[in-house]
Amino acid sequence: VRKLGEKGPRSELELLIQNTPIKKLTDTLSETMARSEGITFWNYLLLGFDPDSEEAREKRFACVRSFMDGLRSIELSYKQTFDLITRLSQDLSTFPSDQLAWIVEHCVDGMRLGDAKCVGWKDLLPDALSLLSARPRFVLNGIGIDGTEYRNGQVTGIFTMQWPASILTPIADMLKYVVNTKITLSFQSFTFFLTRTMSLSNGEVQTVLNKFSGALQELSPMELPALCFQLFSMCNSASQLIIPLMALEKYFHRNFYKRLFSDMCSNSTNLDSIDSFSDKELREAEETILHHLNYCTMYKLTEKHLAIMLRNFAHMPDAILTPFMLSAIISMTSINRDPESARTSHAILMPFLRNVIRNNEEERTLADYSVWYRDTLQRKQVDLQQVFTVLIDQNKDGKDVITPGLVHLVFFLLKSHSPKLHTLAITFLTKFIRKRFIFGQGIIKLISEWMIVYQDQNQFSECLTLLSVADTYTVSECSKTIQTVMEHMQWASFNNSMRMMNFILPLLKISNRVRDALIDVLCKSMSSSGIQKRRMAIYGFCMILKQLNNSNAVRQTSGATSFCTQQSISGYSMMTQSTLGSRSNPQRNFDMLTLEIIGMLRNCLQQQFEIRCTLYESMVLINIHSSFYYISLEFNLDLQRAVELNAKLVPHLLQVIDWHFRSFFETPSAEDAGDDLETVFRIRYDQLVCATDEQHMEIQLKDNLGRLIQFVANSLAIFERAPSGYDAREMTRLLNFCVQRMVANRLPLEDIAPPTTHLKCALVLQQLNIIEGIISHLLLSSKPNNDAINHIFPLFKMHCKLMESHKTLSGASKKVQKQSKLTSNSNSINITMNGVQVKSICTQPENIWDLAILEKLLHLLLDDVVAFAAPEKTTLLRSNQLLVRYVLQVTASRVQNIRQEPDYKQLTYSKRTFKQLTDISKVVYERCIRRLPELWRDFDMQSSALAAQCFMECLRTAHETYPKRFNEYVKGFGKKNRAQNVVSFNNITFLSDMASLNQNKQVTNVVQDVLDEFMTEYASDESICKDEFVVKVPICLLESLEILLDHIDFGERAATESYTWLLNFCSNYEIINGDLGLVHRILFVQRQKTHLGPFFENIAKQFGVVLGALNDDVSNDSVSRQLKSISTVTVESCLHHLYAAIQKQLADVDYFVTKANNLNYKCQIVPETDQIYWRGNLDVMDRSICTQIIHISRTLLALTNVCIPLGTSMDGLMKLLIQHYTCMKNLTKHYLSSCSSDHGASSIRSTKFELLLRDVGKQLPANIYELITYIEANTLDEEAQQHLKKRKVQAERAKVLRETRMIPKVIMVIEDFNKHIILLSKKTKVHNRLTDYLHLGTMRDFDIKSTDLKAAIERSISDGRNISTDDSNAEEVEDDTQSVSYPLDSEEDNDPVRAEPKSQRRRRLSSSDTEESQPKRKKNRKSVEKEHDKQKSNMDQEFDELHPQRGRKAAAKQQGKQKPNKEQQSSEEQPEKGRKPAAKQQGKAKPSKQQESDEEQPENTSRTQRAKKDRKPLQK
């Protein structure tokens, strides 16, 4: 056969095969299949069969059957099998249908066997099945069948059979859509292009993928990559790709990540456990799968297609934010594939992942404040810190499949506007650079560029600062980046320069090159003309001084009188210093650098006022109302901070500041001075402030001596710890002179008596700051054995006198400025400060004490025993109410200012500020808050209020500045204090542990007890409304309690106990001051945080009791628990707090509706084995959503029956209704998408959606329409209607539009919701049962009062009997009768009022006409409709009895012959609701008999009817 096939003619080969018996051919074929020449023999054997001969076809089929059986019995290599099957596939088109059907069934049987060595069927079955499907019709086993039908049956059988795990990969290879294969046979180069198609539909592909997703869970990690490659190749759309991805996520979570996260959360690892697969195998399989995923989707799917599919999981962070899913999504991004050339602006998947991460963080926050949210969520939130840690550890091993994309994802988080995402990004980069420092330079370069470009955002500088602290060596290697940042520092704004500098400062400790470059930049800034640049340079130099660890320079000074010894500091240049270094003195260069910097800072003492103040003390706020000279807390770590951290700098700094400090005092030196009493001592105020004009309104501020004294006092206090290197006795002597002369009132002060000038006001401020600086010096230098503390009280008295003088000058300055404004511009006073225009002559004084000084003062005034003063010396200070109030007030203001600090100071990371804040809070809490009742009873109520305010400000500052360390902060001041101290106020003594139980109580319990005691004494006292300090105590305590409760976890017992206390507080105490209504906000927040069930419905019903109900038939007796705190005083604020609580609930429900949509999509793509589980979760979520909306709807049902005042309260309710119906519409859309016609009705019933419609479908819209009527009836206030001549039509028109602008929107959302309910009812095919629960709405174009119509008709009939008929006036009669019988037509066509001249303006009815016709409380809608029908039937019956033969129109003509009187015209012209108002009437109308008879109405007539009949005619 081979010989004839290669060289002989084809006819001889066919003749040979024709003459050879079948037995011989099959035996030869079986013998040669396993040999190398087997493919050659098989090829020529198939060529030798004549397709036109029936006998040849039978022989060929016999050989094929033998060949197919041999494939199962003979062990062949994969290449041999593939070549043999491929050769057979070339001739399949010549086989008859029955033979092809046998081949298909044989292949299917081979699949059932599941032999992994015999998988030739995977290459033969698609072609055979494709050929059969193209056959129109054939006979199989005696039955005619269509090819497509046969194909569908076989495919269904394949899909439903149990696939053996050993042949899953060959089956996946077979089921791929289209595969082009290039085949080279072994015996000769033949090229075949074979197209195998299964022609699977999208539904069939989804079925296949779901089947594989369930089957791959049992495979080993080594079998997954090959199967996943086939599955990824099978997917042609993103919706198909997500199916295997979700299955793989489940596989890796169950086998690897679940155990890994468990080990990360626990303190120990179970080393005895035996796992099915090793971690290494799983990681290698995952990396290979990610590689295949990237390859298979690179050209097939774009990011846009993937984003469209993945948005169905945007609200399911637990499905996306897993290590595998994150890696899979990142591997398909263009940024990960080509990070250098791909543009981030074109990235689509990265913003999607950022939104998912944001949703996860919001879920974590919302779950802490809502117990319903936690229960409905059914799981814990994703801990992204753990996920990122796992991804970093995996990339640490060198598996960088997703490293570029992961880093860019973190960049997207860093660029967002969410602080929580910034924290995540910064934490990730800190850990990542530590472990993968090779990427450090590129990351730091990008972030530094963004810091320069986006200068209005602080997260980039904060990130760089933390990176430089965490990995200083890696950051210091980025020399080009650091140099670029330094260059931009010189032209950037002050705040941005400070941010950039914070990034560089940590590098100074290890990099001399960076230090020298920074010094060079700062030197250039110091010589700049801009003040902000020089301030930036001062800050930088002070930071460098703080970084220098020691200083070995020995200052050789003979005495304190040497004024100019500082000239030796800068004796050498920087170049000279570098050459003087030697091995014997390695610190010399270091010391010379320190002295050089101090010399540069010395020059600042000769510069502007602002530059000087920067050097003295940063923790002082000088509030000068000038944009140019506004000095705030600029430098939290300046020269004083450098002195505190580097005490060896003190001698040098004292020598620099010595001569400058002495220049402000006029006194002889210590050697020349004689007796202290006769020594001349005066402060040179002209060196502090002076005037440049004769009126003393244009002043020049030169320095602030108070700040300088406080700086010197701090330096001397540090210097006393190691007094060497400089003689500071002269400075101490000057300070002591100041104290002695001021105490003795011998220090001459400048004249500050009226008239008021700008110079006098500035002098008062200077003198106040001087006294404050001296008090700081006394506190810092005080010891138990000296009398420094005794001088504080007289100094404070002098301070109080100056404050009174300042108030006098301030009052007089306002008069001066007012008079200057009344005069001409030429004579007006020009008020300037340092050449800058200011608004006010006398500004508010600002205290210069920092937190350290205030802490000492608080200890001095509140503690019994202090380390720096004797107890007997503090009694006078502690009993002075003014001093205690002033210190508490200043402390509260200073603590509040911490929250207003600029972001470049990064106080969030300041340990020093945190400690000072904790210490102050501890003093105030232990000495004031825990003893507040005794304080307001025995000492002073104002002091108690200021103490409560100070405590509240401390808590709020810690809450905003240190949110992560708040619990540590509370533990710092709230811990037990076993020492029993004695506290004395105003000679009243009591123990520090006023109750032993208080030591074991939490801070919240202490605050609650104090509030209970306060309300017991002052709840009904009128002083709580009149005295601002009395009401300030509970308000500050409630705000403090709110902050404390915000940081108590929902699982703690204190959270539930606090809610119980709040509920009892509101139930037991009646609040008579509206400011205390904030307790309702705390109550509502704690209720949602700790409890489920209907609560707000009772609150809404209680509103009806307080404000009144629209429908009196609805009983309010069902209110389970009345809150006494809800009264007419607090009802409005409580109403807004209730709106906020319901809005939050609706927002949570709306979020979960979207989450339910995502879960419904997931149910459609998971395998059948998992669908039951996820469907159950979906039903539970839907049921929880419906239950929550039922509670909200019932609350709104009660609210819409309340007479809520118009304005913001009513607008809030309308917005709430719009949000509610929008949420219900979204829920209906969810059911439209998730419910099919088969199980839709049962699903709706099981999830309480039908119950929701039954409860509120009709009642709530009916109440809303009643509420709309109430709004329209009360739109115009009564006072404006009483004075007709003074009415402002335009103002009233604007008010009407303002009060009713929300009504159309409410109606629209109701109708939109009804439309979707109708669609849902049709889809579920429940015979429109859902629509039976809907309110059909109300036509509100016209609202004809049937009682008025009947009265008009009766009057026309009674008057018409006395008038004869005139045939000549038939046309006039017809017109008039229409106006009587059909008042609607008469007003539109023939109303005589319409004929008035155009010059007459129309107006609304007066209050006397409309007050009763539009009542504030309307009847029930059903009773009104019944009354309307009854009156209409009576009217028709009476009309027919009077005119039995003429009919309605003839009767109208007969009655129309008489003209209506004036009274009748006025009654007809009264505008009904929904119609235009009548014009003014001219002349007076006399009361008619009908009007008199109408006054005699029975008592059961409604108030509205009587009011309409009692109306008087309109006046001209």
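The rules behind each value
- Residues numbered from 1 in each chain as written.
- Predicted model: local features only at pLDDT ≥ 70, side-chain atom pairs only at ≥ 80, totals over all residues.
- Heavy atoms only, no water.
- Helix = DSSP H or I, 4+ residues; strand = E, 2+ residues; numbered from the N terminus.
- Buried < 20%, exposed > 50% of the residue type's maximum accessible area, 1.4 Å probe, protein only.
- Contact = heavy atoms within 4.5 Å.
- Areas by Shrake-Rupley, 256 points an atom, 1.4 Å probe, with all protein chains shown as cover.
- pLDDT = per-residue confidence, 0-100.
- Core = buried A, V, L, I, M, F, W, Y, C linked by side-chain atoms within 4.5 Å.
- Pairing = 2+ DSSP bridges.
- Axes fitted to C-alpha atoms, helices over the stretch in contact; angles between N-to-C directions.
- Parallel < 35°, antiparallel > 145°, perpendicular 65-115°, else oblique.
- Nonpolar A, V, L, I, M, F, W, Y, C, P; charged D, E, K, R; others polar.
- Phe/Tyr/Trp six-rings, centres within 6.5 Å; stacked < 30°, edge-to-face > 60°.
- Lys NZ or Arg CZ within 6 Å of the ring centre and 35° of its normal.
- Salt bridge = Lys/Arg side-chain N within 4 Å of Asp/Glu carboxyl O.
- Expected span 1.5 Å × (residues − 1).
- Bend = angle between axes of the 7 residues up to and from the residue.

What the protein contains, in helices and strands, is 70 helices and 12 strands. Out of the 1516 residues in the protein, the part that is buried amounts to 55%. Within the protein, contacts between residues at least 6 apart in sequence are counted, and of these 76% link residues at least 24 apart. Summed over its atoms, the accessible surface of the protein is roughly 68300 Å², and 50% of this surface lies on carbon and sulfur atoms.

Quick look at the confidence of the model for the protein now. Per-residue confidence for the protein averages 77 on the pLDDT scale, and 75% of its residues sit at or above 70. By mean pLDDT, helix α65 (residues 1407-1410) is the weakest element of the protein at 36, and helix α45 (residues 941-961) is the strongest at 95. Residue range residues 550-590 is modelled with pLDDT below 50. Its contacts to residues more than four positions away, or to other chains, number 61 contacts.

Quick look at unusual backbone geometry now. Of note in the backbone geometry, Asn745 takes a positive phi value of approximately 60° without being a glycine. By secondary structure assignment, the location of Asn745 is in the loop between α37 (729-743) and α38 (758-781). Looking at Asn745, the relative accessible area reads 60%, which means it is exposed.

What follows covers the nonpolar core. Ranked by internal contacts, the top residues of the largest apolar core, which has 416 residues, are Trp163, Phe212, Ile242 and Ile447. The element best represented in this core is helix α53 (residues 1131-1165), accounting for 17 residues. Those residues within four positions of Ile242 in sequence are excluded, and the remaining contacts are Met309, Leu310, Phe313, Met325, Tyr1161 and Ile1165.

Taken in spatial order, the four strands of this open sheet run β7-β8-β9-β10, and their pairing is mixed. Since the sheet does not close on itself, it has two edges, and those belong to β7 (689-691) and β10 (836-837), each with one partner. In this structure, strand β8 (residues 698-701) lies alongside strand β9 (residues 832-833), joined through two bridges in parallel fashion. Note that in β9 the partner of Ile699 across the bridge is Met833. Across the sheet, α38 is in contact with β7, β8 and β9; its angle to β7 comes to roughly 175°.

Here we take up the packing of helix α40 (residues 851-862) against helix α41 (residues 871-878). Between α40 and α41, whose axes approach to 8 Å, the crossing angle comes to 95°. Regarding the angle of α40 to α41, the classification is roughly perpendicular. Each of Leu860, Leu861 and Leu862 in α40 lies in contact with α41, whose residues at this interface are Thr874, Leu877 and Arg878. When its residues are assigned to classes, the contact of α40 with α41 shows four nonpolar, one polar and one charged.

Its location among the elements puts Phe313 in the loop between α15 (303-310) and α16 (317-320). The sequence separation of Phe313 and Lys1162 amounts to 849 residues, and the corresponding C-alpha distance is 8.1 Å. Ignoring sequence-local partners within four residues, the contact set of Phe313 consists of Ile242, Met246, Ala319, Ile320, Val356, Asn1158, Tyr1161, Lys1162 and Ile1165.

Moving on to the side chain of His1137. Here His1137 lies in helix α53. Taking the relative accessible area as the measure of exposure, His1137 reaches 17% and is therefore buried. Here His1137 is in contact with Gly1077, Leu1078, His1080, Arg1081 and Phe1084, once residues within four sequence places are set aside.

Under the definition given, this model contains 45 aromatic pairs. Consider the rings of Phe313 and Tyr1161, whose centres lie 5.5 Å apart with planes at 80°: the pair is edge-to-face. With Phe313 in the loop between α15 and α16 and Tyr1161 in helix α53, this residue pair connects regions lying 848 residues apart in the sequence. Both residues of the pair, Phe313 and Tyr1161, count as buried. One aromatic cluster in this structure is built from Phe914, Tyr925, Phe951, Tyr962, Phe966, Tyr969 and Phe973. Over the face of the ring belonging to Trp163 we find Lys211, whose NZ or CZ atom lies 5.2 Å from the ring centre.

This paragraph deals with the pattern of salt bridges. The tally for this structure, following the rule as stated, stands at 41 salt bridges. Asp279 serves as the salt-bridge partner of Arg259, at 2.7 Å between the closest nitrogen and oxygen. Taken as a pair, Arg259 in helix α13 (residues 238-265) and Asp279 in helix α14 (residues 279-297) lie far apart in primary sequence, 20 residues in all. Among the residues examined, Asp279 registers a relative accessible area of 34% and is labelled partly exposed. Here Arg927 makes a salt bridge to Asp863, at a shortest N to O gap of 2.9 Å. Highlighted residues: Arg927 in helix α43 (residues 911-929) and Asp863 in the loop between α40 and α41, separated in sequence by 64 residues. Accessibility expressed as a relative area gives 7% for Arg927, which makes it buried. Salt bridges here are not isolated pairs; linked through shared partners, they connect Arg283, Glu286 and Glu287.

This brings us to the packing of α13 against helix α17 (residues 323-331). Relative to each other, α13 and α17 sit at 135°, their axes nearing to 7 Å. If you check the angle between α13 and α17, you find them oblique. For the pair formed by α13 and α17, the contact residues are Ile242, Leu245, Met246, Leu248, Glu249, Phe252, Tyr257 and Phe261 on the first element and Pro323, Phe324, Met325 and Ala328 on the second. When grouped by side-chain class, the residues that make up the contact of α13 with α17 number 11 nonpolar, no polar and one charged.

Below, the discussion takes up α14. Taking 1.5 Å of rise per residue, 19 residues should cover 27 Å, and α14 covers 27 Å from first to last C-alpha, within 8% of that figure. Inspection of α14 places Leu282, Arg283, Ala285, Glu286, Glu287, Ile289, Leu290, His292, Leu293, Asn294, Cys296 and Thr297 among the buried residues, and these make up the whole buried set. Residues of α14 that are buried in the fold lie against α12 (224-234), α13, α17, α18 (334-337) and α21 (384-396).

Attention now moves to helix α35 (residues 650-662). Its 13 residues place the ends of α35 17 Å apart at the C-alpha level, agreeing with the 18 Å of an ideal helix rising 1.5 Å per residue. Largest kink in α35: about 30°, centred on Val656. Of all 13 residues in α35, 12 are buried; the element is thus mostly enclosed. For α35, the full list of buried residues reads Val650, Pro651, His652, Leu653, Leu654, Gln655, Val656, Ile657, Asp658, His660, Phe661 and Arg662.

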